[in-house]
Amino acid sequence: GLTLLSVLAGCGGARTVVGRAVAPKAPLRLIAVVGPMSEFSQKFGEELSNRGYGVLDVNRTKTVLTKLNLENSELTDESALAELNNRRIDAILKVATTGAGHTELLDMVRIAVTETATGELLSSFEWKNGWGGMPGSLADKSSRLSIPNAARTVADDLKTRMAIYL
């Protein structure tokens, strides 16, 4: 009894911390994902596609940026955003993750969505995976979402928090 209570008290479920959420001025039909190519960014792009959005994955976004002679660091620049908007890309979605090391499970995901037409930051938030016990332990693994489930959860959170309508 007491041992189980101490194990449960040392665990936490997955959660999202919202920094900003604003509805876009126009529907977001094509979203370009920016960040390192990873299992999460691939699954996350697939989840957005499953929800009806046009998605340029990380590799396709890199190809577009290369053709336009743009770097990721320039994606806050008004003229770079205008150029992407001219190519019918409605938003830039930056993805950053931590974790997925020895446990093959994420610790945290950071999302930032910028509308290309206005340059406005539509949404930024952190999603934190569950935790429990020592990293890599059975308690820790059972408290965390897998990468596909994390991608599904973050895609749902993004759609809900930004009130993205097709």
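Everything quoted here is computed from the prediction, not taken from an experiment. (Residues numbered from 1 in each chain as written. Predicted model: local features only at pLDDT ≥ 70, side-chain atom pairs only at ≥ 80, totals over all residues. Heavy atoms only, no water.)

**Student:** Any details on the pairing of strand β5 (residues 91-99)? Residues and values, ideally.
**Tutor:** As paired elements, strand β3 (residues 30-34) and β5 share four bridges and run parallel to each other. The residue bridging Ala32 from the neighbouring strand is Ile92, located in β5. (Pairing = 2+ DSSP bridges. Helix = DSSP H or I, 4+ residues; strand = E, 2+ residues; numbered from the N terminus.)

**Student:** Explain the nonpolar core to me, and be specific about the residues and the numbers.
**Tutor:** Of all hydrophobic cores here, the largest spans 25 residues; its most connected members are Phe40, Phe44, Leu93 and Ile111. Counting residues per element, this core draws most heavily on helix α6 (residues 147-162), which supplies six residues. Once residues within four sequence positions are removed from consideration, Phe44 is found in contact with Leu93, Val95, Ile111, Ala151, Val154, Ala155 and Leu158. (Core = buried A, V, L, I, M, F, W, Y, C linked by side-chain atoms within 4.5 Å. Buried < 20%, exposed > 50% of the residue type's maximum accessible area, 1.4 Å probe, protein only. Contact = heavy atoms within 4.5 Å.)

**Student:** Quick rundown of the packing of aromatic side chains? Include the residues and the values.
**Tutor:** If you walk through the whole model with that rule in mind, you get one aromatic pair. Measuring from ring centre to ring centre gives 5.5 Å for Phe40 and Phe44, while their planes differ by 15 degrees; the resulting arrangement is stacked. You can see Phe40 and its partner Phe44 sitting in helix α2 (residues 39-50), four residues apart, about one turn around the helix. The class for Phe40 is buried, based on a relative accessible area of 2%. Take Phe44: its relative accessible area is 0%, and that puts it in the buried class. (Phe/Tyr/Trp six-rings, centres within 6.5 Å; stacked < 30°, edge-to-face > 60°.)

**Student:** Any chance you could break down α2 for me, citing the residues and the numbers?
**Tutor:** The first and last C-alpha atoms of α2 sit 16 Å apart over 12 residues, in line with the 16 Å expected at 1.5 Å per residue. Every buried residue of α2 is accounted for by Phe40, Ser41, Phe44, Gly45, Glu47 and Leu48. With its buried residues spanning 160 degrees around the axis, α2 presents them on a single face. (Expected span 1.5 Å × (residues − 1). Arc of directions from axis to C-beta.)

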